[in-house]
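Okay, here's what each chain looks like letter by letter:
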Amino acid sequence: MIMSPTQPDEGEHTTYAPGRIDDRDLKATIAQVLDRWPCAGLAVAVIADGSLAWFHGHGLGDVMAKTPITEDTVFRIGSLTKTFTAVAVMQLWEQGLVDLDAPANDYLRTFRLIPAKPSLSPATVRHLLTHTAGVGYWRRLSDLLQPGVGSGDRAGRSGAPPLAQYYSRGLPVEIEPGTKWAYSNHGFAALGQIVEDVSGEPLDRYLRDRIFDPLGMEHTDLIRSERIRAHLATGYVLRSRGLKEVADREVPTPGGGGMYSTPADIARYVAALLRIAAKGHSSVLRPETLATMFRPHFQPDPRVPGMGVAFELGEEGGERTVGKTGIVSGFHSAMAMAPEEGIGVLVFSNTGGLDGRGAPIPLATMLLRLWLGLSVDPIRTDIAPRPETWSEICGWYSPAPGPVTNLSLRALMGAGPEIVVQGGHLMLKPLTPIPGALLVLAWIRRKMPDPAASENASAPSAPTTVREAPQLQWRWRSARSLPTAFWLFAAVQGAAAITGGTLAGALYDRSLPALIATVAATQLTALVLLAVTLRRDHDR
């Protein structure tokens, strides 16, 4: 069951300031996004003037129980957890217990960060806080074989494994810290462990005592405690036959994405951040500390906003923005703020997969822009192309070595991209064999006979011999399995490009011949698999 945007509103909260919000525009924007990204349940909150100003609950938290979405529905908020872990670290920094530029291993007692090469500099606390420590999205390539592609363990009574066990072989640092941004849940798991090791308290208790309770967040926790169980939403993914409940998994990196919370509680958190940013008093953080978190600490180019301390920096219509998104299987969340305007937007959904496609992230940006008086379409159309500079950027590109830190990029680009000019346009072409799959299938189709011609041919005049007839029949029967064969072929192409390209980047340090050889090898592997698939169809 999927609730449409025209369903009656549940959990409506209307204590907004008149004239500040156009209720119809907000709901129309929500309906527009839901038309493209339908979901079981959606919670939208706008924070202004220091409190929750507008709330819209759409759909159901649990389809079978028909539980409506309200301000107190508990969602898994994924990587929004990172901002809380970062606040905890900055509290220790305010007390002089942690130096942001000291090696993280100075504070870790439970496990260690292990450099892949002796020449690598120590990863600091600041590096971990800004995803620049050289720690990848996965611990190692074998994580891809774990449930949920390494994103979680089956939920059980014992919860997630202790980090001492999870990182018993250490957490690898693959590339020089401070040189590359690579998103990492493991880096924030290490920060959560630093909070535990320095404070002497479990991370969940520290967060409750120092952040949740002081801000009145009564239905928020890092573990599945009684604070959250009663109102916990069910997570879903959208399939061709409708909604499907996701497998219940524990996040193995609690400091990176383990939290549970409600729209009302996170609204209290965002309101507190906005008050602190406006130089207001708070027992959670000092204004100057939050200002440090909201400024760029890693900025590869002055033309991009850069990375703050856990918070992702941006700009909308000349207005500085700060935010964070979260993805857990079955749940998506987004938090966007314009600190100078004192405005925040929250969007939570209990529908979506690990690919991140869903309503919350685009909707949060659209609603923030709408509130700021901007067009909801952020696409720039006033930037003129500069062909005179294109020759300077054309060529082959490849990620730096690092099988784990570059794995996500390899999934998108294979062994690397090529930038070329074609037809008067600047084009980016991934160095991946998947386009070759299309060429191979097109060739197979051209070689297949016309089935109508074969059926209409009479036996005496048919040009095909008895010996050749089975081959023609086999080819046509195989054609009916081409969609299946293609997707299998493409999947193997992609997997081979990721692993092969990653290994080539690591072993040959971006050697173009090595990368091309790797692509050729993956192409051959996929072709063999395609041939086996077609042959099995023939055998059946």
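Going along each chain's sequence as written, the residues are numbered from 1 onward. pLDDT decides what is reported in this predicted model: residues at 70 or higher carry local features, side-chain atom pairs at 80 or more are listed and counted, and totals for whole chains, interfaces and linings draw on all residues regardless. Excluding hydrogens and water, the side-chain figures rest on all heavy atoms present in the structure.

Engineer: When you look at the packing of aromatic side chains in this model, what are you seeing that I'm missing?
Structural biologist: How two aromatic rings sit relative to each other is given by the distance of their centres and the angle of their planes. Each aromatic pair joins two rings of Phe, Tyr and Trp (for Trp, the six-membered one) with centres within 6.5 Å, and gets the label stacked for planes under 30 degrees apart, edge-to-face for over 60, and tilted for any other angle. A complete count under the given rule lists seven aromatic pairs for this structure. Three or more aromatic residues link up through ring pairs in this structure, and these residues are Phe84, Phe212 and Tyr269.

Engineer: Hey, could you run me through the pairing of strand 13 (residues 312-316) in this one?
Structural biologist: Each regular strand carries side chains that alternate between the two faces of the sheet. Two strands pair when backbone bridges link them, and strand 13 and strand 14 (residues 319-328) are joined in this way by five bridges, in the antiparallel orientation. Bridge assignment links Leu313 to a residue of strand 14, and that residue is Val322. Strands pair, by our definition, only if DSSP identifies at least two bridges between them. Strands here are runs of E lasting at least two residues and helices are runs of H or I lasting at least four, both read from the DSSP assignment and numbered beginning at the N terminus.

Engineer: Can you walk me through the layout of surface pockets in this structure?
Structural biologist: To find leftover empty space, a probe the size of one water molecule is rolled over the atoms. The space that makes up the largest pocket amounts to roughly 1100 Å³. Going through the elements one at a time, helix 5 (185-199), helix 7 (254-257) and strand 14 are the ones with two or more residues in the lining of the largest pocket. For the lining of the largest pocket, the element with the highest residue contribution is strand 14, accounting for five residues. A cavity here means a set of points on a 1 Å grid, drawn over the protein atoms and nothing else, where a 1.4 Å probe fits but cannot get out; a pocket is an open set with protein on both sides within 12 Å along at least five of seven lines, and a residue lines either one if it has an atom within 4 Å of a point. Grid points are joined across faces, edges and corners, and a volume is the space filled by probe spheres set on the points.

Engineer: How should I be thinking about the sheet that holds strand 19 (residues 425-430) in this particular structure?
Structural biologist: Whether parallel or antiparallel, the strands of a sheet pair through hydrogen bonds between backbone atoms. An order of 17-18-19 is seen for the three strands of this open sheet, with the pairing classed as antiparallel. Looking along the sheet, the strands with just one partner apiece sit at the ends: strand 17 (395-396) and strand 19. In terms of strand pairing, strand 18 (residues 417-422) meets strand 19 through six bridges, oriented antiparallel. Note that in strand 19 the partner of Val420 across the bridge is Met427.

Engineer: I would appreciate a short explanation of the environment of Arg268 in the present structure.
Structural biologist: Summarising the element assignment, Arg268 is placed in helix 8 (residues 263-277). The exposure class assigned to Arg268 is partly exposed, which follows from its relative accessible area of 38%. A C-alpha to C-alpha distance of 7.2 Å links Arg268 and Met217, two positions 51 residues apart in sequence. Leaving out residues up to four positions away in the same chain, Arg268 has contacts with Leu215 and Gly216. For every residue, the accessible area obtained with a 1.4 Å probe (protein chains only) is divided by the maximum for its type, and the residue is called buried under 20%, exposed over 50%, and partly exposed between those limits. Residue contacts follow a heavy-atom distance rule, with two residues in contact if any of their heavy atoms lie within 4.5 Å.

Engineer: Help me out: how do you make sense of a nonpolar patch on the surface in this one?
Structural biologist: A cluster of nonpolar side chains, namely Ile393, Tyr397, Val421 and Leu426, defines an oily patch on the protein surface of about 310 Å² accessible area. Inspection of the secondary structure assignment puts Ile393 in the loop between helix 10 (360-371) and strand 17. Ile393 sits in the partly exposed class, given a relative accessible area of 33%. Here the term patch refers to residues with relative accessible area over 30% and no salt bridge, with like charges joined within 9 Å and nonpolar side chains (Val, Leu, Ile, Met, Phe, Trp, Tyr) within 5 Å. Method for areas: the Shrake-Rupley scheme with a 1.4 Å probe, in which residue coverage is limited to the protein chains shown. The salt bridge criterion pairs a side-chain nitrogen of Lys or Arg with a carboxyl oxygen of Asp or Glu, the two atoms within 4 Å.

Engineer: Would you take a moment to explain the pattern of salt bridges for this structure?
Structural biologist: Note that side chains of opposite charge can pair when their charged atoms are close. For the coordinates displayed, the defined rule picks out 16 salt bridges. A salt bridge links Asp355 to Arg357; its shortest N-O distance comes to 2.9 Å. The exposure class of Asp355 is partly exposed, given its relative accessible area of 49%. Members of the salt-bridge network, linked through shared partners, are Arg76, Arg224, Asp248 and Glu250.

Engineer: Got a minute to help me understand the pairing of strand 16 (residues 343-349) in this structure?
Structural biologist: The element strand 16 is largely enclosed, with a buried count of seven among its seven residues. Here strand 16 shows two buried faces, one formed by Ile343, Val345, Val347 and Ser349 and the other by Gly344, Leu346 and Phe348. Pairing analysis gives six bridges linking strand 2 (residues 41-48) to strand 16, with the strands arranged antiparallel. From the neighbouring strand, Ile47 faces strand 16, where its bridge partner is Gly344. Note: strand 15 (residues 331-338) against strand 16, seven bridges, orientation antiparallel. In the sheet register, Ser333 faces strand 16, and the bridge partner there is Phe348.

Engineer: How do you make sense of unusual backbone geometry when you look at a structure like this?
Structural biologist: Note: most peptide bonds trans; most residues except glycine with negative phi. Its identity is not glycine, yet Lys279 carries a phi of approximately 70°, on the positive side. With respect to the helices, strands and loops of the structure, Lys279 is situated in the loop between helix 8 and helix 9 (287-293). Backbone geometry at Ala310 places phi at a positive 70°, although glycine is not the residue there. Within the secondary structure, Ala310 sits in the loop between helix 9 and strand 13.

Engineer: Is there a simple way to explain helix 2 (residues 81-94) in this structure?
Structural biologist: In an α-helix, one turn spans 3.6 residues; hence positions three or four apart end up facing the same way. For helix 2, with 14 residues, the first-to-last C-alpha span of 20 Å sits near the 20 Å given by 1.5 Å per residue. The buried fraction of helix 2 is high, at 13 of 14 residues. With its phi angle positive at about 75°, Gly96 sits one or two positions after the end of helix 2. Multiplying one less than the number of residues by 1.5 Å gives the expected span of a helix.

Engineer: Which parts of the structure should I look at to understand the nonpolar core?
Structural biologist: The nonpolar side chains of a soluble globular protein tend to be buried with one another. Residues belong to a common nonpolar core when they are buried Ala, Val, Leu, Ile, Met, Phe, Trp, Tyr or Cys residues joined through side-chain atoms within 4.5 Å. One finds Phe84, Leu129 and Met293 to be the most contacted residues of the largest nonpolar core, which totals 76 residues. The greatest single-element share of this core, amounting to nine residues, is contributed by helix 8. Apart from residues no more than four positions distant in its own chain, Phe84 is found in contact with Ile77, Leu207, Ile211, Phe212, Met217, Met259, Ile266 and Tyr269. Ranked by size, the runner-up nonpolar core spans 24 residues in total, among them Leu42, Trp54, Ala336 and Ala359.

Engineer: Whenever I open this one, the side chain of Asp221 confuses me. Can you help?
Structural biologist: By the secondary structure assignment, Asp221 is in the loop between helix 6 (203-212) and strand 9 (236-239). A distance of 3.0 Å separates polar atoms of two side chains, one belonging to Asp221 and the other to Arg208. Definition of a polar contact: a pair of N or O atoms within 3.5 Å, with one able to donate and the other able to accept a hydrogen when the atoms are protein atoms, and with sequence-neighbouring residues admitted only if both atoms are side-chain atoms.

Engineer: In this structure, what is going on with the environment of Arg320? I would like to understand it.
Structural biologist: Of note, Arg320 is situated in strand 14. C-alpha of Arg320 to C-alpha of Phe294: the two residues are 26 residues apart in sequence and 9.9 Å apart in space. Look past the residues within four positions of Arg320 in its chain and what remains in contact with it is Phe294, Gly314, Met337, Ala338, Pro339 and Glu340. Of the polar contacts made by the side chain of Arg320, one reaches the backbone oxygen of Phe294; its length is 3.3 Å. At a separation of 2.9 Å, a polar atom in the side chain of Arg320 contacts the side chain of Glu340.

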